[in-house]
Amino acid sequence: MGNEHRSGGERRRAAPRSYLFTVRLWKEEAANGSEYRGSVRDTLSGAYRGFRDWSDLAAFMIERAEEDEPGHRDQR
């Protein structure tokens, strides 16, 4: 099932869209001890964001994926 190849003009199910990101993570000393910081880049578009919280990393990745969905309109 899934992505089976069919002949005779039947439609083939498309694979789900995937995305590729490069994530860089490092540890920095801060006043209250140490903290992890990082950066993420969408390898196809080149969009980039620095982050300190994992939620910021996830939000960036979801934002990039949703921008590519059919019917998405940039409302900025």
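These notes cover the structure that comes with them. Note that residues are indexed from 1 along each chain, following the sequence as it is written. In keeping with the model being predicted, local features are shown solely for residues with a pLDDT of at least 70 and side-chain atom pairs are shown and tallied solely at 80 or more, while totals for entire chains, interfaces and linings include all residues. Just so you know, side-chain values use all the structure's heavy atoms and leave hydrogens and water out.

Moving on, we get to the nonpolar core. The biggest cluster of nonpolar side chains holds six residues, and these are F21, V40, A47, F51, L57 and F60. For F21, the contacting residues outside a window of four places in its chain are V40, R41, D42, T43, F60, M61 and R64. Put simply, buried Ala, Val, Leu, Ile, Met, Phe, Trp, Tyr and Cys residues joined by side-chain atoms within 4.5 Å make one nonpolar core. Note on exposure labels: buried denotes an accessible area under 20% of the residue type's maximum, exposed denotes more than 50%, and partly exposed covers the range between, all computed with a 1.4 Å probe on protein chains only. Note on definitions: a residue-residue contact is assigned when non-hydrogen atoms from the two residues lie within 4.5 Å.

A pair of aromatic rings is counted whenever rings of Phe, Tyr or Trp (Trp by its six-membered ring) have centres within 6.5 Å, and the orientation is called stacked for planes under 30 degrees apart, edge-to-face for over 60 and tilted otherwise. All told, the structure shown has two aromatic pairs when counted by the stated rule. With a centroid separation of 6.1 Å and an interplanar angle of 45 degrees, the aromatic rings of F51 and W54 are classed as tilted. On the basis of relative accessibility, which here comes to 5%, the residue F51 falls in the buried class. Sitting above the plane of the W26 ring, R24 keeps its charged end 4.3 Å from the centroid. Here, over-ring charges are defined by two tests on the NZ atom of lysine or the CZ atom of arginine: distance to the ring centre within 6 Å, and angle to the ring normal within 35 degrees.

A word on a nonpolar patch on the surface. Distance thresholds for patches are 9 Å for like charges and 5 Å for nonpolar side chains (Val, Leu, Ile, Met, Phe, Trp, Tyr), applied to residues having over 30% relative accessible area and no salt bridge. Per-residue and other accessible areas were derived by the Shrake-Rupley procedure at a 1.4 Å probe size, with only the shown protein chains allowed to occlude residues. What counts as a salt bridge is simple: a side-chain nitrogen of Lys or Arg found within 4 Å of a carboxyl oxygen of Asp or Glu. Together, L25, Y36 and W54 line one region of the surface with nonpolar side chains, adding up to about 360 Å² of accessible area. Secondary structure elements are defined from DSSP: runs of H or I of at least 4 residues count as helices, runs of E of at least 2 residues count as strands, and each element is numbered from the N terminus. Along the polypeptide, W54 turns up in helix α1 (residues 54-67). Residue W54 is classed as exposed on the basis of its relative accessible area, which comes to 55%.

This brings us to the environment of V23. Of note, V23 is situated in strand β1 (residues 21-30). Assessed through its relative accessible area of 41%, V23 is described here as partly exposed. For the pair formed by V23 and R41, sequence separation is 18 residues and the distance between their alpha carbons is 6.6 Å. Residues in contact with V23, not counting those within four places in the same chain, are S39, V40, F51 and L57.

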